[in-house]
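# What the coordinates show
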Amino acid sequence: MSRAQLELHIDFTRCDGRGLCTEILPELLVRDDWGYPVGRGGRDIHVPDGLAGAAQDAVDLCPLQALMLRRVTRS
Ligand code: SF4
């Protein structure tokens, strides 16, 4: 059975690593040694339903439009 899942994507060609998104979404993001956001669970950042609003806030507030939410379907 396939299921649509929300994922957060970080465009590192835009991100300046100041970390605002890690303050908005500490449940999903941490800063690496250089200050850039990385997913707590690894490269794919799955957004649970309960954090969809906060994830959208992070997208909206990113000063460099480096974040994107997308629905992916996995089987
Ligand atoms: S808020 Fe945007 S620019 Fe700032 S660290 Fe997060 S992704 Fe990068």
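Use the structure listed above.
Residues numbered from 1 in each chain as written. Predicted model: local features only at pLDDT ≥ 70, side-chain atom pairs only at ≥ 80, totals over all residues. Heavy atoms only, no water.

Now for the pattern of salt bridges. Scanning the entire structure with this criterion turns up two salt bridges. Residues Asp-11 and Arg-14 are paired through a salt bridge, measuring 3.6 Å at the closest nitrogen-oxygen approach. We classify Arg-14 as partly exposed; its relative accessible area is 43%. Across the pair Asp-16 and Arg-18 runs a salt bridge, and its minimum N-O distance is 3.3 Å. With relative accessibility at 37%, the residue Asp-16 sits in the partly exposed group. (Salt bridge = Lys/Arg side-chain N within 4 Å of Asp/Glu carboxyl O. Buried < 20%, exposed > 50% of the residue type's maximum accessible area, 1.4 Å probe, protein only.)

Here the focus is the site of the ligand. Neighbouring the ligand are Cys-15, Asp-16, Gly-17, Arg-18, Gly-19, Leu-20, Cys-21, Pro-37, Cys-62, Pro-63, Ala-66 and Leu-67. A breakdown of the residues in the shell around the ligand according to their chemical character gives eight nonpolar, two polar and two charged. (Near = heavy atom within 4 Å. Nonpolar A, V, L, I, M, F, W, Y, C, P; charged D, E, K, R; others polar.)

Right, let's talk about the layout of surface pockets for a bit. By volume, the largest pocket is sized at about 230 Å³. Along its surface, the largest pocket is lined by 13 residues, and Leu-8, His-9, Ile-10, Arg-43 and Ile-45 are the ones closest to its centre. If you list the elements that add at least two residues to the lining of the largest pocket, you get β1 (3–10) and β3 (37–39). The leading source of residues in the lining of the largest pocket is β1, at four residues. For the lining of the largest pocket, the residue count by class is six nonpolar, three polar and four charged. (1 Å grid on protein atoms, 1.4 Å probe; cavity = no way out; pocket = protein on both sides within 12 Å on 5 of 7 lines; lining within 4 Å. Points joined across faces, edges and corners; volume = space filled by probe spheres on them. Helix = DSSP H or I, 4+ residues; strand = E, 2+ residues; numbered from the N terminus.)

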